[in-house]
Amino acid sequence: MPEKNDHYYMQLAIQEALKAQQIGEVPIGAVLVCQDEVVATSFNLRETLQTTASHAEMLVIDKGNDHFNSWRLEHCTLYVTLEPCQMCAGAIVQARLKRVVFGAFDQKAGCAGSLMNLLEDERFNHQVEVRSGVEEAICGQLLSDFFRSLRQKKKALKEKNRDEQSQPAE
Ligand SMILES: [Zn+2]
């Protein structure tokens, strides 16, 4: 039953997201599964690598290409904790993926249903089946916790700088 397994594989993607969080990256994780086998796992590394394309989905597709020695990943399902952006959705279509399962919706950048749906657009030569909202609460919580703590850190830093500046000069 693929629906049953979706939760299991999304848990693996959440583990990947936690790895990103541990190194200060926005916590987004991805897992590539082919015929009930985990082919690749990855997580967002944009800050670490300082490359625009190092989103979790792009990295996991890269690994999948290496694994199969093919640009076509037509029997694979990609699990990702956050709705894919336009770049990743584009790559997912190009890779001819069979299915995408995502956790949280991204109202500001999501291209698998929120802003648009690149994956199921009939005008393209390939459509990707989408299942959304799997483990949505956990995936979303990870992100909101991360951004809250980031804001708190920034605020603390700002206050520290202000205090230092207001010290009387010797
Ligand atoms: Zn992306």
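Within every chain, residues take consecutive numbers counted from 1 along the sequence as written. Two thresholds apply to this predicted model, a pLDDT of at least 70 for residue-level local features and 80 or more for giving and counting side-chain atom pairs, whereas whole-chain, interface and lining totals are computed over all residues.

Caption draft 1: Layout of the overall build of the protein chain. When you go through the protein chain residue by residue, the secondary structure sums to 5 helices and 5 strands. Reading the helices (α) and strands (β) of the protein chain from amino to carboxyl end gives α-β-β-α-α-β-α-β-β-α. Projected onto its principal axes, the C-alpha coordinates of the protein chain cover approximately 70 × 30 × 30 Å. Three classes are used. A residue is buried when 20 or more other C-beta atoms lie within 10 Å of its own, exposed when 12 or fewer do, and partly exposed in between, with C-beta atoms placed from the backbone. Taking all 170 residues of the protein chain together, 35% fall into the buried category. Whether two residues are in contact is decided by their C-beta atoms, placed from the backbone, lying within 7 Å. A sequence separation of at least 24 residues applies to 55% of the contacts in the protein chain between residues at least 6 apart. Counting from the N terminus, the helices are the DSSP runs of H or I reaching at least four residues and the strands are the DSSP runs of E reaching at least two.

Caption draft 2: The arrangement of the nonpolar core in detail. What makes a nonpolar core is a set of buried Ala, Val, Leu, Ile, Met, Phe, Trp, Tyr and Cys residues, with links drawn between C-beta atoms within 7 Å. In terms of nonpolar packing, the biggest core is built from 42 residues, with V60, L78, Y79, V80, I92 and V100 touching the most fellow members. Counting residues per element, the ones that place at least two in this core are α1 (2-22), β1 (29-34), β2 (37-43), α3 (56-68), β3 (76-82), α4 (86-94), β4 (99-104) and α5 (136-165). With sequence-adjacent residues up to four places away left out, L78 is seen in contact with A30, L32, E57, V60, I92, L97 and V100.

Caption draft 3: Quick look at the sheet that holds strand β5 (residues 129-131). Pairing between strands is defined by DSSP: at least two bridges between the two strands are required. Taken in spatial order, the 5 strands line up as β2-β1-β3-β4-β5 in an open sheet, and their pairing is mixed. This sheet does not close on itself; its edge strands, each paired only once, are β2 and β5. Sheet twist, expressed as the average angle between the axes of neighbouring strands with direction ignored, equals 15°. Here β1 pairs with β3 via 5 bridges, running antiparallel. Across the sheet, C34 pairs through a bridge with C76, a residue of β3. Of the strands in this sheet, β1, β2 and β3 are in contact with α3, which crosses β2 at around 140°. Here α5 sits on the sheet in contact with β3 and β4, set at roughly 60° to β4. Interaxial angle, 0 to 180 degrees, is taken between N-to-C directions of lines fitted to C-alpha atoms, where a helix line uses only the stretch in contact.

Caption draft 4: Spatial organisation of the environment of L97. Assignment of secondary structure puts L97 in the loop between α4 and β4. By the C-beta count within 10 Å, which is 24 here, L97 ends up buried. For the pair L97 and L78, spaced 19 residues apart in sequence, the C-alpha separation works out to 7.6 Å. Excluding its chain neighbours within four sequence positions, the residues that come into contact with L97 are L73, C76, L78, I92 and V128.

Caption draft 5: Highlighting the UniProt feature "active site" (unreviewed entry) in the protein chain. Residues given the UniProt feature "active site" (unreviewed entry) here are E57. With respect to the helices and strands, E57 occurs in helix α3. Leaving out residues up to four positions away in the same chain, E57 has contacts with A30, L78, V80, P84, C88, A91 and I92. UniProt positions are given in the numbering used here, feature names are shortened, and annotations may be inferred rather than shown by experiment.

Caption draft 6: Main features of the UniProt feature "binding site: Zn(2+)" (unreviewed entry) in the protein chain. Here the UniProt feature "binding site: Zn(2+)" (unreviewed entry) sits at H55, C85 and C88. Maximum C-alpha separation among the annotated residues is 9.2 Å over a sequence range of 34 residues, consistent with a single clustered spot. With respect to the helices and strands, H55 occurs in the loop between α2 (46-49) and α3. Classification of H55 by C-beta neighbours within 10 Å gives buried; the count is 25. Setting aside chain neighbours within four positions, we find H55 in contact with N44, R46, C85, M87 and C88. Assignment of secondary structure puts C85 in the loop between β3 and α4. For C85, the contacting residues outside a window of four places in its chain are H55, A109 and C111.

Caption draft 7: Structural view of α5. One less than the number of residues in a helix, times 1.5 Å, gives the span that helix is expected to have. Compared with the 44 Å implied by 1.5 Å per residue over 30 residues, the 44 Å span of α5 between its first and last C-alpha is a close match. Burial runs low along α5: only 2 of the 30 residues are buried.

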